[in-house]
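# Structural characterization, general
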Amino acid sequence: QVQLLESGGGLVQPGGSLRLSCVASGSNIRINRVDWYRQAPGKQRELVTTFISGGSTNYADSVKGRFTISGDNAKNTVYLQMNSLKPEDTAVYYCNAVVTMIDRRQTRGYWGQGTQVTVSS
């Protein structure tokens, strides 16, 4: 069974940076797509950025120019680099990955457990 493990959240001052990681466990897998979502208390869940195999990326207007998604295929890891953080970026961040288990010829979506990002002075 594929599992996603997120890390990198924490407390940072406005203008600071954090790098979130989403690691997919399992052998002989292929990551087809990764979405990063965030949800602040009392607010609707928001799609932050999307990566699709082949290099296509999309960013929400609120984070363009500040956030960057990237990956390391050898480590089955996707990163979200967050720069120039603002208080309104405070939320729980979740990754969702569409993963193919090659031996089983099975493709499914998986959620990470979420990691808290707090931007405050």
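This text goes with the structure placed above it.
Reading guide: rules and limits
- Residues numbered from 1 in each chain as written.
- Predicted model: local features only at pLDDT ≥ 70, side-chain atom pairs only at ≥ 80, totals over all residues.
- Heavy atoms only, no water.
- Disulfide = S-S within 2.5 Å.
- Helix = DSSP H or I, 4+ residues; strand = E, 2+ residues; numbered from the N terminus.
- Buried < 20%, exposed > 50% of the residue type's maximum accessible area, 1.4 Å probe, protein only.
- Pairing = 2+ DSSP bridges.
- Core = buried A, V, L, I, M, F, W, Y, C linked by side-chain atoms within 4.5 Å.
- Phe/Tyr/Trp six-rings, centres within 6.5 Å; stacked < 30°, edge-to-face > 60°.
- Lys NZ or Arg CZ within 6 Å of the ring centre and 35° of its normal.
- Contact = heavy atoms within 4.5 Å.

Taken as a whole and judged by the stated rule, the model has 1 disulfide. Between the sulfur of C22 and that of C95 lies a disulfide, 2.1 Å long from S to S. Because the sign of the S-S torsion sets the handedness, a value of about 60° for the bond joining C22 and C95 places this disulfide among the right-handed ones. Of this pair, C22 sits in strand β3 (residues 18-24) while C95 sits in strand β9 (residues 91-101), placing them 73 residues apart in sequence. For the pair C22 and C95, one class covers both residues: buried.

When β9 meets strand β10 (residues 106-111), the two strands line up antiparallel, connected through 6 bridges. Counted as the bridge partner of A97 is Y110 from β10. What sits between the antiparallel neighbours β9 and β10 is a turn of 4 residues, in which R105 has the positive phi angle 55°.

Of all hydrophobic cores here, the largest spans 29 residues; its most connected members are W36, F67, M82 and Y93. Elements represented by at least two residues in this core include exactly β3, β4 (29-39), β7 (67-72), β8 (77-82), β9 and β11 (115-119). Per-element tally for this core: the top contributor is β9, with 6 residues.

Throughout the structure, instances matching the rule amount to 2 aromatic pairs. Geometrically, the ring pair formed by Y37 and W111 is tilted, given 5.4 Å between the ring centres and 45° between the ring planes. Taken together, the residues Y37 in strand β4 and W111 in strand β10 connect sequence positions 74 residues apart. We classify Y37 as buried; its relative accessible area is 17%. Their ring planes at 85° and their centres at 6.5 Å tell us that Y94 and W111 sit as a pair that is edge-to-face. Separated by 17 residues along the polypeptide, Y94 in strand β9 and W111 in strand β10 bring together distant segments of the chain. Judged by relative accessible area, which is 42%, W111 ranks as partly exposed. A cation sits over an aromatic face here: R45 above Y37, 5.0 Å from the ring centre.

Along the polypeptide, R108 turns up in strand β10. Residue classification places R108 among the partly exposed positions, given a relative accessible area of 39%. Taking the C-alpha atoms as reference points, R108 and A97, separated by 11 residues in sequence, lie 8.3 Å from one another. Beyond its immediate sequence surroundings of up to four residues, R108 is in contact with Q1, A97, V98 and V99.

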